[in-house]
Amino acid sequence: MARLEPGDTAPPFELADQHERRVSLADLRGRKVLVYFYPEADTPGCTTQSCSLRDHRQDLAGIGTEVIGISPDMPDKQLAFDRKYRLGFRLLSDPRHEVAEAWGAWGEKKRGGIGIIRSSFLVDEEGRIERAWYGVTPQDTVPNAIAALSA
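Residues numbered from 1 in each chain as written. Predicted model: local features only at pLDDT ≥ 70, side-chain atom pairs only at ≥ 80, totals over all residues. Heavy atoms only, no water.

Caption draft 1: Highlighting the pattern of salt bridges. Counted by the stated rule, this structure contains nine salt bridges. The closest approach of N and O atoms between Glu 66 and Arg 31, which form a salt bridge, is 2.7 Å. In this pair, Glu 66 is assigned in strand 4 (residues 65-71) and Arg 31 in the loop between strand 2 (22-24) and strand 3 (32-37), connecting sequence segments 35 residues apart. Residue class for Glu 66 comes out buried when judged on its relative accessible area of 16%. The partner of Asp 73 in a salt bridge is Lys 77, and the shortest N-O contact between them spans 3.7 Å. Taken together, the shared-partner salt bridges in this structure form one network comprising Arg 31, Glu 66 and Arg 90. (Salt bridge = Lys/Arg side-chain N within 4 Å of Asp/Glu carboxyl O. Helix = DSSP H or I, 4+ residues; strand = E, 2+ residues; numbered from the N terminus. Buried < 20%, exposed > 50% of the residue type's maximum accessible area, 1.4 Å probe, protein only.)

Caption draft 2: Structural view of the packing of aromatic side chains. Per the counting criterion, the structure on display carries nine aromatic pairs. Relative to Trp 103, the ring of Phe 37 lies with its centre 5.9 Å away and its plane at 50°, an arrangement referred to as tilted. Of the two residues, Phe 37 is situated in strand 3 and Trp 103 in the loop between helix 4 (98-102) and strand 6 (106-108); the sequence distance between them amounts to 66 residues. Take Phe 37: its relative accessible area is 0%, and that puts it in the buried class. By way of ring pairs, the aromatic residues Phe 13, Phe 37, Trp 103, Phe 121 and Tyr 134 are connected into one cluster. (Phe/Tyr/Trp six-rings, centres within 6.5 Å; stacked < 30°, edge-to-face > 60°.)

Caption draft 3: Representation of the environment of Gly 45 within the structure. Within the secondary structure layout, Gly 45 lies in helix 1 (residues 44-55). Along the sequence, Gly 45 and Gln 139 sit 94 residues apart, while their C-alpha atoms lie 8.6 Å from each other.

Caption draft 4: Structural context of the sheet that holds strand 9 (residues 129-134). Strand order in the open sheet formed by seven strands is 2-1-5-4-3-8-9, with mixed pairing between adjacent strands. Across the chains shown, the open sheet's two edge strands, defined by having one partner strand only, are strand 2 and strand 9. The sheet shows a mean angle of 30° between the axes of neighbouring strands, taken without regard to direction. Helix-sheet contacts for helix 1 involve strand 3 and strand 4, and the interaxial angle to strand 3 is about 165°. (Pairing = 2+ DSSP bridges. Axes fitted to C-alpha atoms, helices over the stretch in contact; angles between N-to-C directions. Contact = heavy atoms within 4.5 Å.)

In structure tokens, the structure reads:
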């Protein structure tokens, strides 16, 4: 599994969000984006992670950062997750895990098996990786991002 490092160009993507609208990384040029990969919508760890991002979304937006979540879930499951927890940001569907693979967020998991490696990435305005965190806990995503954005 290739890992992204600061300075690398973020691999492009175009995926459907929870409303079945196409979202591409190119559309987000000119602003910072926090992209996080999570294994499955509406599971305990993913709910903790996503709700933490929801609770800090305004803080992140206040420092010019948009939040994007990506998982293998289909758009209808993403929409139910968004509605249930009122997340309020885009959740993208990567059912063939091609984007997760390109970003190094798919592979052998710590507890065995193959799947999403919970990861997050800060992408700068030019589409380059500013920071990359692999194997994060659900509670790490927000503090890591805020610390990096405040540095």
